[in-house]
Amino acid sequence: MKIGVLGTGVVGRTIGTRFAALGHEVTMGSRTADNPDAAEWAAQVGTAASHGTFADAAAAGELLFNCTSGAGSIDALVSAGPERVAGKVVVDVANPLDFSGGMPPSLSVCNTDSLGEQIQRAFPDAMVVKTLNTMNCGIMVDPGSVPGDHVVFVSGNDEGAKTQVKHLLGSFGWGGSQIIDLGDITTSRGPEMYLPLWLELYGALGTGSFNINVVR
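Residues numbered from 1 in each chain as written. Predicted model: local features only at pLDDT ≥ 70, side-chain atom pairs only at ≥ 80, totals over all residues. Heavy atoms only, no water.

Participant: Can you explain unusual backbone geometry? Please cite residues and give values.
Facilitator: The peptide bond linking methionine 103 to proline 104 adopts the cis configuration, its omega dihedral lying at -5°. Its location among the elements puts proline 104 in the loop between β6 (97-98) and β7 (106-107). A positive phi is found at asparagine 111, a non-glycine position, where the angle reads about 65°. As for its position among the elements, asparagine 111 is in the loop between β7 and α6 (115-122). The class for asparagine 111 is exposed, based on a relative accessible area of 53%. (Helix = DSSP H or I, 4+ residues; strand = E, 2+ residues; numbered from the N terminus. Buried < 20%, exposed > 50% of the residue type's maximum accessible area, 1.4 Å probe, protein only.)

Okay, structure coming up:
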């Protein structure tokens, strides 16, 4: 599959590297075509990787991953071009963190809305699926790095899109019982509002190498 990754930070590079290792063709997009982080990543990954602008990544990808910072996600997708996003699955792993007041960040949207919903409203012809935003990027692509049972959440309006994303999660190593489908895109509010607790846990534990489980 051809996958477009929007964002050149550690999350985008980690996800892009994992997809390339699984045999997918990955194009990483940023604001400019000569982004040094994207260029270095593509050189390290090899022939399965390329880089360019957000528009280049959106045009190349059959499926898109939004790995930008939450505050810039909609602008990045606008830069990618609504016509290049339309009809595609957009996997949103970003969180609406607001650092304007310093650390720890607050949420720029919560309770009655979410970043996942905002992206879906801004791009109604895309199929937005929220997932993987409740853990660090190493665990996203290698759930076995955390021992024991733990889970990943999925939210989205389109059942076919969610099925496709669940298959990709399976290729990362997430077992079927570890993937919890919360429902439509409005249910992404809960996983996004988990982030303040995640940050407190990170501070208390001194590491991001943890995840949560649902015990039934």
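Participant: Lay out α6 in plain terms, naming residues and giving numbers.
Facilitator: Buried residues of α6: Leu115, Gly116, Glu117, Ile119 and Gln120, and no others. Lining the buried residues of α6 we find β4 (63-66), α4 (73-80), β5 (89-92), β8 (127-131) and α9 (189-193). (Contact = heavy atoms within 4.5 Å.)

Participant: Quick rundown of the packing of α4 against α6? Include the residues and the values.
Facilitator: At a closest axis distance of 10 Å, the pairing of α4 and α6 adopts a crossing angle of 25°. The orientation of α4 relative to α6 falls into the category roughly parallel. In this structure, α4 meets α6 at a crossing whose hand is right-handed. Along the contact surface, α4 presents Ser73, Ile74 and Leu77, while α6 presents Leu115, Gln118, Ile119 and Ala122. Split by residue class, the contact of α4 with α6 holds five nonpolar, two polar and no charged. (Axes fitted to C-alpha atoms, helices over the stretch in contact; angles between N-to-C directions. Parallel < 35°, antiparallel > 145°, perpendicular 65-115°, else oblique. Left-handed = near helix turned anticlockwise from the far one by under 90°. Nonpolar A, V, L, I, M, F, W, Y, C, P; charged D, E, K, R; others polar.)

Participant: Mind laying out the layout of surface pockets, listing which residues take part and the relevant values?
Facilitator: Quantified by volume, the largest pocket comes out at close to 540 Å³. If you go around the largest pocket, you meet 25 residues; those closest to its centre are Val11, Val93, Asn95, Leu97 and Leu195. Broken down by secondary-structure element, the contributors of at least two residues to the lining of the largest pocket are α1 (10-21), α7 (137-141) and α10 (195-205). By residue number, the principal contributor to the lining of the largest pocket is α10, which donates three residues. Considering only enclosed or pocket space, the second largest pocket measures out at about 210 Å³ in volume. The leading source of residues in the lining of the second largest pocket is α4, at three residues. (1 Å grid on protein atoms, 1.4 Å probe; cavity = no way out; pocket = protein on both sides within 12 Å on 5 of 7 lines; lining within 4 Å. Points joined across faces, edges and corners; volume = space filled by probe spheres on them.)

Participant: How would you explain the sheet that holds strand β2 (residues 25-30) if you had to name every residue and give the values?
Facilitator: Reading across from one edge, β3-β2-β1-β4-β5-β8-β9-β10 is the order of the eight strands in this open sheet, with mixed pairing throughout. Taken across any chain shown, the strands that pair with only one partner, and hence form the sheet edges, are β3 (49-53) and β10 (179-183). Each adjacent strand pair in this sheet contributes to an overall mean axis angle of 25°, direction not counted. (Pairing = 2+ DSSP bridges.)

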